[in-house]
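Descriptive structure summary
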Amino acid sequence: MMTMLRDADSPVVEDIHRLRWDAIADAMLVADAESRYLDANPAAQRLLGYTLAELRTMTVGDVVAHGPGWTAGEYERFLRDGRWEGRLVVRHRSQALIVVDARATAVRLPDRTEYVSVLRERQTPAASAMRSKAKILVVDDEPANRKLLADLVVREGYEVVTASGGAEALAILASAPIDLVLLDLMMPEVDGMSVLAELQKRQLLPALPVVVVTAHEERKVRIDALTAGAIDFVAKPIDRLEVACRIRTLVELRQLRETAVATVEGKLRESDHLLRLHFEQTPVAKITWDTSFRVVTWNPAAEKLFGYTGAEALGQHAAFIVPESMRVHFEAIWRELLGGRSSESTNANVTKDGRTIDVLSSVSPVRDANGKIIGAAMILRDITEQKQVRRERE
């Protein structure tokens, strides 16, 4: 893509390619074989917070924080196959971490290899919160105290939002992503404890760190605030160094938590993908049924065995592949399954074209998280030829 830009013979052609490159909505970056960035479109510059000139002094390792699916084995396969797709965590200029879906492709030219990466930020609340520098909400009914804390937050390099009372704070928290709350306890009308109670009701705690700022010296008040969901407290009059350290630590912990969640999601997604590949690519027919003995899933091997496509099979009752003479036998197997018993048996089945085949089937109940049986999983192998050979020998 940008190889065309640099190798274009005509300035007019180069301008056309540049206009197209600049208009692409996804973040796109080009790196050389040593992982040094050569080019980045405006979307990539906005995503990462760096200018093109700055990116050209950086390497991929300066930007990629880590990748849940990016293992040593994945890297070796990428070098061999020239393609990779998965989830990465990249680092914004502000040091905020951003979760992205990424695709990388090797472009092999006569004299060099370049690597084009496409990054798309995951549109989740966590990703939005990590997109820019951390946003901190300061809640205090006293203007002087509110300004003191807000100025401290800004000096530490964070974005600040202020609220003069509990009701205003709750409205802000309902409409904007906030990374940390500095909350005064003693406020008229909706006080700090009421704010904590509402945040508990909204199930925002303890994921959202709330630091109580209080002049109370009573131990019980502080314990009550921590019990209500606050993660820490600082005493008034505040110690600026102490508050700055608390803010930095808690913001970093929140971002690490979001990164850990993204990592787990990536692992689950990768696991689901592997299971799907196994289901689709295994040579063994696999079928799952609901409790009415109707088809829920039907893999390609089952299509090959019975001749019905997945679309034709989904929702069909098992009778469509069971001959009339075997239905009583199948009903007995099904009753055992609903009672929680697995079984293995040799059965006669009917294909789409009317042939009768001998099948070895293994079937087990499928349970939900509470242990309730919600269906059955069946593995089937065609043993028609083996049975024919056995009959001929006899």
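Keep in mind that what you see is a predicted model, and the values were worked out from it rather than measured.

The biggest cluster of nonpolar side chains holds 28 residues, and the ones touching the most others in it are Ile 287, Trp 289, Trp 298, Phe 306, Ile 321 and Leu 380. Going through the elements one at a time, strand E12 (285-290), strand E13 (295-298), helix H13 (300-306), helix H15 (327-338), strand E15 (356-367) and strand E16 (373-382) are the ones with two or more residues in this core. Core analysis: the next-biggest nonpolar cluster, separate from the first, contains 24 residues, Ala 27, Leu 47, Leu 48 and Val 63 among them.

What follows deals with the sheet that holds strand E10 (residues 210-214). Pairing is parallel in the open sheet, where 5 strands are placed in the order E8-E7-E9-E10-E11. This sheet does not close on itself; its edge strands, each paired only once, are strand E8 (159-163) and strand E11 (232-235). The mean angle between the axes of side-by-side strands here comes to 20 degrees, regardless of whether they run parallel or antiparallel. When strand E7 (residues 135-139) meets strand E9 (residues 180-184), the two strands line up parallel, connected through 4 bridges. Along E9, the bridge assignment pairs Leu 137 with Val 181. Contacting E9 and E10, helix H10 (residues 192-201) crosses the sheet at an angle of about 145 degrees to E9.

Moving on to the side chain of Asn 347. Position of Asn 347 relative to the elements: it lies in strand E14 (residues 343-350). At a separation of 2.9 Å, a polar atom in the side chain of Asn 347 contacts the side chain of His 329. Here the side chain of Asn 347 touches Ser 345 through a polar contact of 3.1 Å, side chain to side chain. Discounting residues that sit within four places of it in the chain, Asn 347 has contacts with Met 326, His 329, Phe 330, Ile 333, Ile 357, Asp 358, Val 359 and Ser 361.

A few words on the confidence of the model for the chain. Averaged over the chain, the pLDDT score is 81; the fraction of residues at 70 or greater is 83%. A low-confidence stretch, residues 1-17 (pLDDT under 50), is modelled with 23 contacts involving residues beyond four sequence positions or located in other chains. This model gives residues 124-132 a pLDDT under 50, and the stretch forms 19 contacts once residues within four places in sequence are excluded.

In total, this model carries 5 aromatic pairs according to the counting rule given. Aromatic side chains Trp 289 and Phe 293 sit 4.7 Å apart centroid to centroid with 65 degrees between the ring planes, which places their arrangement in the edge-to-face category. We note that Trp 289, like Phe 293, is buried. Measuring from centroid to centroid gives 5.6 Å for Trp 298 and Phe 320, while their planes differ by 40 degrees, and the two rings are tilted. A residue pair is termed long-range when its members are at least 10 positions apart, and Trp 298 in strand E13 and Phe 320 in the loop between helix H14 (310-313) and H15 qualify at 22 residues. Each member of the pair Trp 298 and Phe 320 is classed as buried. Taken together, Trp 298, Phe 306, Tyr 308 and Phe 320 form an aromatic cluster joined through their ring pairs.

Rules and cut-offs
Residues numbered from 1 in each chain as written. Predicted model: local features only at pLDDT ≥ 70, side-chain atom pairs only at ≥ 80, totals over all residues. Heavy atoms only, no water. Core = buried A, V, L, I, M, F, W, Y, C linked by side-chain atoms within 4.5 Å. Buried < 20%, exposed > 50% of the residue type's maximum accessible area, 1.4 Å probe, protein only. Helix = DSSP H or I, 4+ residues; strand = E, 2+ residues; numbered from the N terminus. Pairing = 2+ DSSP bridges. Axes fitted to C-alpha atoms, helices over the stretch in contact; angles between N-to-C directions. Contact = heavy atoms within 4.5 Å. Polar contact = N/O pair within 3.5 Å; in protein donor to acceptor, adjacent residues only side chain to side chain. pLDDT = per-residue confidence, 0-100. Phe/Tyr/Trp six-rings, centres within 6.5 Å; stacked < 30°, edge-to-face > 60°.

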